Amino acid sequence: MIEIRGLTKRYGKLTAVDNLWLTVERGDALGFIGPNGAGKTTTIRMLATLLAPDAGTARVGGHDIRKEPAGVRAMVGYMPDFFGVYDDMMVWEYLDFFAAAHRVPRSQRPRLIGDVLELTDLGSRRDESVNSLSRGMKQRLCLAKTLVHDPEVLLLDEPASGLDPRARMEVRELLRELCKLEKTLLISSHILPELAGLCNKIAIIEEGRLVTAGSVDEISAQLQGGTRLVVELCERSAEACEFLAALESVASAVEGDGRIEAVYQGPEGDEHEVLRALVLEGFKVRGFREEEIDLETIYVRSTQGLGS
Ligand SMILES: Nc1ncnc2c1ncn2[C@@H]1O[C@H](COP(=O)(O)OP(=O)(O)O)[C@@H](O)[C@H]1O
Ligand SMILES: [Mg+2]
């Protein structure tokens, strides 16, 4: 749905986005993660056709951002990292304005606006001034605006930044709802836990360059050199550790704290064969599981040594 091919943007001597290649499939929720100044906003603005690349290009839903910007805009809902100034409008007027800008026929607008207000939990604020809304509500209104032409692709630039914890949680809930609508999402953040549990894919960018990208599972496997297994035994732990380390499918095994941590490098999905081997050998296995690696750990490991 989004195909970024060698995208590059320079500001004078600074290369803000440096030969970026990235693919986002239909229905994916991609967490676009990187510290401040990494080039996230610049990338997203290029995808939204608001900024011209210096080199490379991207296709959104098959439309080239350089050659067919109108086609791209029709498909994309873009939520900028700051809220625009339309403060003297009422909530419904604000949404009506953007629906009109996207050429949504007048007859369809009331229903669409009703739908997005309901989704963003702003139905009761329909006739209030945008000005009167709290920061969190404004952020949700901004999301509502992004949805008003029912785009297939959502580009959300730091949707929860600058919010208090409660409003952050509300935005997260809303994003979760959006994931269920089978839209393709690209969500940027410099705060990793914000996207944990929300995205199925992540891409990490630093100093304009892609550090790593893939599914959360793929990246964790790549970073730890295989699937990490945690095995607990009733007895003979040291012996079992030696046995595991000698298996062909196990790259390494270490024992400590009453458990064994092994790195599995055999065929994907065959991890249970390790358990079978242990049991057949007469070991009394009390626990056997794959260790989940969290996004935070992935991020720390993949950005180590980069940047300042
Ligand atoms: N209009 C601009 N003129 C000059 N430099 C810019 C401009 N916009 C962004 N930059 C620089 O480009 C780099 C990437 O910025 P940005 O895309 O906003 O990063 P992020 O969104 O990841 O924080 C930063 O070093 C920033 O200072
Ligand atoms: Mg930014």
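Below, the structure is looked at part by part. Computed from a predicted model, the values in this text were never measured in an experiment. (Residues numbered from 1 in each chain as written. Chains lettered and ligands numbered in written order. Predicted model: local features only at pLDDT ≥ 70, side-chain atom pairs only at ≥ 80, totals over all residues. Heavy atoms only, no water.)

## Overview of the sheet that holds strand β14 (residues 285-290)
Part 1 of the argument: On the basis of which strands lie adjacent, the open sheet formed by four strands has the order β12-β13-β11-β14 and antiparallel pairing. With partners counted over all chains shown, the strands left at the sheet margins are β12 (250-256) and β14, one partner each. Strand-to-strand twist across the sheet, computed as the mean angle between neighbouring axes with direction ignored, equals 20°.
Part 2 of the argument: The sheet contact formed by strand β11 (residues 227-233) and β14 spans five bridges and is antiparallel. (Pairing = 2+ DSSP bridges. Helix = DSSP H or I, 4+ residues; strand = E, 2+ residues; numbered from the N terminus. Axes fitted to C-alpha atoms, helices over the stretch in contact; angles between N-to-C directions.)

## With respect to the nonpolar core
Part 1 of the argument: Grouped together as the largest cluster of nonpolar side chains are 45 residues, with contacts concentrated most on Leu-95, Leu-141, Leu-156, Leu-175, Leu-178 and Ile-187.
Part 2 of the argument: The dominant element in this core, judged by the number of residues it contributes, is helix α5 (residues 135-147), at six residues.
Part 3 of the argument: Apart from the residues lying within four places of it in its own chain, the contact partners of Leu-175 are Leu-143, Leu-156, Pro-159, Leu-185, Ile-187 and Leu-198.
Part 4 of the argument: Listed in part, the 28 residues of the second largest apolar core include Leu-51, Ala-58, Ile-65 and Tyr-78. (Core = buried A, V, L, I, M, F, W, Y, C linked by side-chain atoms within 4.5 Å. Buried < 20%, exposed > 50% of the residue type's maximum accessible area, 1.4 Å probe, protein only. Contact = heavy atoms within 4.5 Å.)

## Topic: the packing of aromatic side chains
Aromatic ring pairs are described here by two measures, namely the spacing of the ring centres and the angle between the planes.
Part 1 of the argument: What the rule picks out here adds up to three aromatic pairs.
Part 2 of the argument: For the pair Tyr-94 and Phe-98, a centre-to-centre distance of 5.0 Å together with 65° between the ring planes defines the contact as edge-to-face. Of this pair, Tyr-94 and Phe-98 both sit in helix α3 (residues 91-101), four residues apart, which is roughly one turn of the helix.
Part 3 of the argument: Here Phe-98 falls in the buried class, since its relative accessible area comes to 13%.
Part 4 of the argument: What links up through ring pairs into an aromatic cluster is the set Tyr-94, Phe-97 and Phe-98.
Part 5 of the argument: In this structure, Lys-145 packs its charged tip against the face of Phe-98, placed 4.9 Å from the ring centre. (Phe/Tyr/Trp six-rings, centres within 6.5 Å; stacked < 30°, edge-to-face > 60°. Lys NZ or Arg CZ within 6 Å of the ring centre and 35° of its normal.)

## Some thoughts on the site of ligand 1
Part 1 of the argument: Residues in close proximity to ligand 1 include Tyr-11, Leu-14, Ala-16, Pro-35, Asn-36, Gly-37, Ala-38, Gly-39, Lys-40, Thr-41 and Thr-42, which together make up its full environment.
Part 2 of the argument: Between Thr-41 and ligand 1, the recorded distance is 2.7 Å, taken from a side-chain N or O atom to an oxygen atom.
Part 3 of the argument: A distance of 2.5 Å separates an oxygen atom of ligand 1 from a polar side-chain atom of Thr-42.
Part 4 of the argument: When isolated, ligand 1 has an accessible area of 560 Å², and the protein chains bury 59% of it.
Part 5 of the argument: The greatest single-element share of the shell around ligand 1, amounting to three residues, is contributed by helix α1 (residues 40-47). (Near = heavy atom within 4 Å. Polar contact = N/O pair within 3.5 Å; in protein donor to acceptor, adjacent residues only side chain to side chain. Areas by Shrake-Rupley, 256 points an atom, 1.4 Å probe, with all protein chains shown as cover.)

## Considering the environment of Gly-225
Part 1 of the argument: With respect to the helices and strands, the residue Gly-225 is situated in the loop between α7 (216-224) and β11.
Part 2 of the argument: Given the relative accessible area of 33%, Gly-225 is considered partly exposed.
Part 3 of the argument: Separated by 170 residues in the primary sequence, Gly-225 and Ala-55 place their C-alpha atoms 34 Å from one another.
Part 4 of the argument: Excluding anything up to four places from it in sequence, Gly-225 contacts Val-263 and Gln-265.

## Topic: the pairing of β11
Part 1 of the argument: Counted residue by residue, β11 has six buried out of seven residues, so it is predominantly covered.
Part 2 of the argument: In terms of strand pairing, β11 meets strand β13 (residues 259-264) through five bridges, oriented antiparallel. When the bridges of β13 are listed, Val-231 appears paired with Ile-260.

## Brief notes about the packing of α3 against α5
If you want to describe how two helices pack, look at the angle between their axes and the distance between the axes.
Part 1 of the argument: Where α3 meets α5, the closest approach of the two axes is 9 Å, and the angle between their N-to-C directions is 30°. Note that α3 runs across α5; the crossing there is right-handed. Residues Val-91, Tyr-94, Leu-95 and Phe-98 of α3 form the contact with α5, whose own contacting residues are Leu-141, Ala-144 and Lys-145.
Part 2 of the argument: Residues that form the contact of α3 with α5 fall into these classes: six nonpolar, no polar and one charged. (Left-handed = near helix turned anticlockwise from the far one by under 90°. Nonpolar A, V, L, I, M, F, W, Y, C, P; charged D, E, K, R; others polar.)

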